[in-house]
Amino acid sequence: MPMLYYKILDKKVAHEIIDGEAIIIDFDTGNYYSLNGIAADIWQWVASGASRQQIIDAFREIQPDQIQGLDAFFDQLVKEQILEKSEGNSETNPLAVVPTGEIPFHLPALEKYNDMQALLLSDPIHEVDETGWPRPLSPG
């Protein structure tokens, strides 16, 4: 039976965990995101290949309404186009190492910022010359 996974869209985002905070930069939109606490742990589990069920199983005594909150968090990440849903099984997706039944559930939250869009959208990788970086792209 197929299992539900979430995959990070690595071709359009960069991500790093720094001091327990997941920082995600979307180079297509110029938005960046912050995940703290349990949200950063969930991001790290997704990055390691954990299935949705493995993530649910990590939480101690998780209730149906809390699972709905977790699914809403995943839906928000998919809507922001930094994750995508995929199906797999243990043959195609090796099981990630995730704690089982150990962590108290807290509703994960996504913080979104767009105050650096102009800088992030200036395409520093492809448009750098002797004038340096950052240099916004010329129109047309």
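Keep in mind the model is a prediction, meaning the values are calculated, not measured. (Residues numbered from 1 in each chain as written. Predicted model: local features only at pLDDT ≥ 70, side-chain atom pairs only at ≥ 80, totals over all residues. Heavy atoms only, no water.)

Chemist: How should unusual backbone geometry be read in this particular structure?
Modeler: When glycine is set aside, most residues are seen to have a negative phi, and most peptide bonds are trans. In the Ramachandran plot, E61 falls in the positive-phi region, its phi being about 55° despite a non-glycine side chain. Within the secondary structure layout, E61 lies in the loop between β5 (59-60) and α3 (64-79). Taking relative accessible area as the criterion, E61 reaches 65% and is therefore assigned exposed. Positioned with a positive phi, Q81 is a non-glycine residue whose angle comes to about 60°. With respect to the element layout, Q81 can be found in the loop between α3 and β6 (83-88). Take Q81: its relative accessible area is 48%, and that puts it in the partly exposed class. (Helix = DSSP H or I, 4+ residues; strand = E, 2+ residues; numbered from the N terminus. Buried < 20%, exposed > 50% of the residue type's maximum accessible area, 1.4 Å probe, protein only.)

Chemist: What's the story with the side chain of Q54 in this structure? I'm lost.
Modeler: Along the chain, Q54 falls in helix α2 (residues 52-57). A polar side-chain atom of Q54 sits 3.0 Å from the main-chain amide nitrogen of S51. (Polar contact = N/O pair within 3.5 Å; in protein donor to acceptor, adjacent residues only side chain to side chain.)

Chemist: Would you mind going over the confidence of the model for the chain with me for this structure?
Modeler: Per-residue pLDDT for the chain averages 85, and the proportion of residues at 70 or more is 78%. Within the chain, helix α4 (residues 117-120) has the poorest average pLDDT of any element, 64, and α3 the best, 97. (pLDDT = per-residue confidence, 0-100.)

Chemist: For this particular structure, what's the right way to read α3?
Modeler: The periodicity of an α-helix, 3.6 residues per turn, causes residues three or four places apart in sequence to face the same way. The end-to-end C-alpha distance of α3 is 22 Å, a good match for the 22 Å that 16 residues give at a rise of 1.5 Å each. The set of residues buried in α3 consists of G69, L70, D71, F73, F74 and L77. At its buried positions, α3 is contacted by β1 (3-8), β4 (32-35), α1 (38-47), α2, β5 and β6. Positive phi appears at Q81, one or two residues downstream of α3, with a value of about 60°. (Expected span 1.5 Å × (residues − 1). Contact = heavy atoms within 4.5 Å.)

Chemist: Any chance you could explain the sheet that holds strand β2 (residues 13-18) here in plain terms?
Modeler: Through backbone hydrogen bonds, the strands of a sheet pair up, either in parallel or in antiparallel fashion. Pairing is antiparallel in the open sheet, where 4 strands are placed in the order β2-β3-β4-β8. The strands lining the two open edges of the sheet, one partner per strand, are β2 and β8 (111-113). Averaged over all pairs of adjacent strands, the angle between strand axes in this sheet comes to 20°, irrespective of strand direction. Two strands pair when backbone bridges link them, and β4 and β8 are joined in this way by 3 bridges, in the antiparallel orientation. Looking at β8, one finds that S34 is bridged to E111. Sheet strands touched by α1: β2, β3 (21-26) and β4. Its angle to β2, the strand with the most contacts, is close to 125°. (Pairing = 2+ DSSP bridges. Axes fitted to C-alpha atoms, helices over the stretch in contact; angles between N-to-C directions.)

Chemist: Explain the packing of aromatic side chains to me, please; I cannot follow it from the model alone.
Modeler: For any pair of aromatic rings, the description rests on two quantities: the centre-to-centre distance and the angle between the ring planes. Per the stated rule, a full pass over the model turns up 5 aromatic pairs. Each ring, one from Y6 and one from F74, has its centre 4.1 Å from the other, and the planes form 10°; the classification is stacked. One end of the pair, Y6, is in strand β1; the other, F74, is in helix α3, with 68 residues separating them in the sequence. Side by side, Y6 and F74 carry an identical accessibility label, which is buried. (Phe/Tyr/Trp six-rings, centres within 6.5 Å; stacked < 30°, edge-to-face > 60°.)

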